[in-house]
Amino acid sequence: MSDVEITGVETYLVANPWKPWVFVRLETDAGVTGLAEATTHDKPRTVAAAIEEMSDFFVGRDPFDTESLWLEMYRDEWFSKNVINTTVVSAVDMACWDIKGKVLDQPVYDLLGGPVHGKELRAYANGWYTDADGEPEGFARAAERVVDDGYDAMKFDPFGTAWQSMTTEEKNHAVDIVGAVREAVGPDVELLIECHGRFSAAQAVDIAKKLDQFDPAWYEEPCPPDSINSLAEVARKSPIPVVTGERHMTKYDFFELVTRTDIDVFQPDLMNTGGITEGKKIAGLAEADHVDIAPHNPQGPVAGAIYSHFCTSIPNFRIQEMFQTYDEPWVDDLLKEPLKVEDGSVQVPEGPGYGVELDMDVVREHEYTEDAVHTIDLWEEDWEKRADELR
């Protein structure tokens, strides 16, 4: 135990147009604060309200007691395995780790066992194809820009708004998109195919076989996350390595994936699945079965910093997802010292804790309201189309 006590919590909602960001700050009687992120798809006010409603679990507690805090918040909230609850648990846990680092004057990665992968982490680009107009030529042009920006791996969804199945024409169009991207970027760039949980097992396998000619590095969330049997079937039959995990909550879901499927890479989202305390356990489960970790990270810059500390500390880290290069033009301004993403790599911030702090003037300038989100011009595209693509 330490002599530090959590005395309060503040939440800040920021108007990222397609997914409003929720930042969380825990206050302590030592004058040290802990920063975290609690972003989900939509529902920012719901998450903020839940953090306040659950504050009795952590206000007055020692932030060093992350294991007991996690246990009590998960165990004693009766319907514990829902994304709102696990997002609250995640935010409190991650903010506590920031406090620990600041009190001990250590970066979080050192508290987690030290940097296994150094201070620069390989990343892949996402969010880059929103101006591709859904056509092969547009995807190819956008992909060339990603390579010019220094990335050697990129993720994209060529399937539009498909659900369960696709017509032959729709499948051929998706195949043409992937083929155009491969031709544009050459053989050495990793193509990560995103499915957003769209397909039945049979359809997912059929599509994977059609895409295999382009040598994709992975095939992400081919089936809805509520069907372990479907994921297991696709993982057995797909010629492309299958990855999943962004919508699986806590070690309990990942235990099912480890024991019942042959998934090649897990993608836990620390913002939603239980924070760093749970993330390390999920990484350990995966490591025991020789499964790599490539965390899901379509969040804000605070999440990016947190992920960098986590990722460098786990032996089975594969690659980190980043939207930052293609996000809102003011995303770098949200932190006093922006998270550096250069030449396809994320630099782990230096300093105690996560090494980042919010610029509150910028946070207030972009405060979330429904009008602030829905009136912003998103690359001159229809809002609903962009939101669907990025989900």
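Conventions used here
Residues numbered from 1 in each chain as written. Predicted model: local features only at pLDDT ≥ 70, side-chain atom pairs only at ≥ 80, totals over all residues. Heavy atoms only, no water. Pairing = 2+ DSSP bridges. Helix = DSSP H or I, 4+ residues; strand = E, 2+ residues; numbered from the N terminus. Axes fitted to C-alpha atoms, helices over the stretch in contact; angles between N-to-C directions. Contact = heavy atoms within 4.5 Å. Core = buried A, V, L, I, M, F, W, Y, C linked by side-chain atoms within 4.5 Å. Buried < 20%, exposed > 50% of the residue type's maximum accessible area, 1.4 Å probe, protein only. pLDDT = per-residue confidence, 0-100. Right-handed = clockwise from strand over helix to strand, strands pointing away. Polar contact = N/O pair within 3.5 Å; in protein donor to acceptor, adjacent residues only side chain to side chain. Phe/Tyr/Trp six-rings, centres within 6.5 Å; stacked < 30°, edge-to-face > 60°. Lys NZ or Arg CZ within 6 Å of the ring centre and 35° of its normal.

### Remarks on the sheet that holds strand 2 (residues 21-28)
Spatially, the 3 strands line up as an open sheet ordered 1-2-3, and their pairing is antiparallel. Sheet topology places strand 1 (6-14) and strand 3 (33-37) at the edges, where each strand pairs with a single neighbour. Pairwise comparison of adjacent strand axes, ignoring direction, gives a mean angle of 20° for this sheet. Bridge count for strand 1 against strand 2 is 8 bridges, and the pairing is antiparallel. Across the sheet, the residue bridging to Thr-11 is Val-24, located in strand 2. Sheet strands in contact with helix 3 (residues 83-104) are strand 1, strand 2 and strand 3, and its direction is about 140° off that of strand 3. The sheet contacts of helix 12 (residues 301-313) involve strand 2 and strand 3, and relative to strand 3 the element is tilted by about 105°.

### Some remarks on the nonpolar core
Phe-58, Trp-128, Phe-156, Phe-159 and Tyr-219 are the most contacted members of the largest nonpolar core, which totals 118 residues. By residue number, the principal contributor to this core is helix 3, which donates 10 residues. Dropping the residues within four chain positions of it, Trp-128 is found in contact with Phe-139, Ala-142, Ala-143, Arg-145, Val-146, Met-154, Lys-155, Phe-156 and Tyr-326. Residues Tyr-124, Ala-153, Leu-192 and Val-265 belong to the second largest nonpolar core, which totals 8 residues.

### Some remarks on unusual backbone geometry
Positive phi, close to 70°, is recorded for Gln-164, a residue that is not glycine. Note on placement: Gln-164 falls in the loop between strand 5 (153-156) and helix 6 (168-185). Relative accessible area serves as the criterion here: at 31%, Gln-164 is assigned to the partly exposed category. Of note, Asp-215 is a non-glycine position whose phi angle comes to about 55°, a positive value. Tracing the chain through its elements places Asp-215 in the loop between helix 7 (201-211) and strand 7 (218-220). Overall, Asp-215 belongs to the exposed group, its relative accessible area being 55%.

### Concerning the confidence of the model for the protein
Per-chain confidence: the protein averages 93 in pLDDT, with 95% of residues scoring 70 or above. In this model, residues 375-391 is a region of pLDDT below 50 whose contacts with residues beyond four sequence positions or in other chains number 38 contacts.

### Quick word on the pairing of strand 6 (residues 190-194)
Residues in a regular strand point their side chains to alternate faces of the sheet. Summarising burial for strand 6: 4 of the 5 residues are buried, a large majority. With 4 bridges connecting them, strand 5 and strand 6 associate as parallel partners. Within strand 6, the position partnered with Ala-153 by the bridge is Glu-190. Crossover strand 5 to strand 6 through helix 6 is right-handed. Bridging between strand 6 and strand 7 involves 3 bridges; their strand directions are parallel. Within strand 7, the residue paired with Leu-192 across the bridge is Trp-218. Once you follow strand 6 into helix 7 and on to strand 7, the crossover reads as right-handed.

### Considering the side chain of Glu-220
As for its placement among the helices and strands, Glu-220 is situated in strand 7. A distance of 3.3 Å separates polar atoms of two side chains, one belonging to Glu-220 and the other to Trp-218. In this structure the side chain of Glu-220 is engaged in a polar contact, spanning 2.9 Å, whose partner is the side chain of Gln-267. Filtering out sequence-adjacent residues up to four positions away, Glu-220 remains in contact with Tyr-124, Lys-155, Ile-193, Glu-194, Cys-195, His-196, Val-243, Glu-246 and Gln-267.

### Some details on the packing of aromatic side chains
Enumeration according to the criterion identifies 14 aromatic pairs in this entry. Considering the side-chain rings of Trp-128 and Phe-156, the 5.6 Å spacing of their centres and the 70° angle between planes classify their relative orientation as edge-to-face. A residue pair is termed long-range when its members are at least 10 positions apart, and Trp-128 in the loop between strand 4 (120-125) and helix 5 (136-148) and Phe-156 in strand 5 qualify at 28 residues. Comparing Trp-128 with Phe-156, the two get one shared label, buried. Members of the aromatic cluster, joined through ring pairs, are Trp-128, Tyr-129, Phe-139 and Phe-156. Sitting above the plane of the Trp-97 ring, Lys-100 keeps its charged end 3.7 Å from the centroid. The ring of Trp-70 has Lys-251 sitting right over it, with the charged end atom 4.5 Å from the ring centre.

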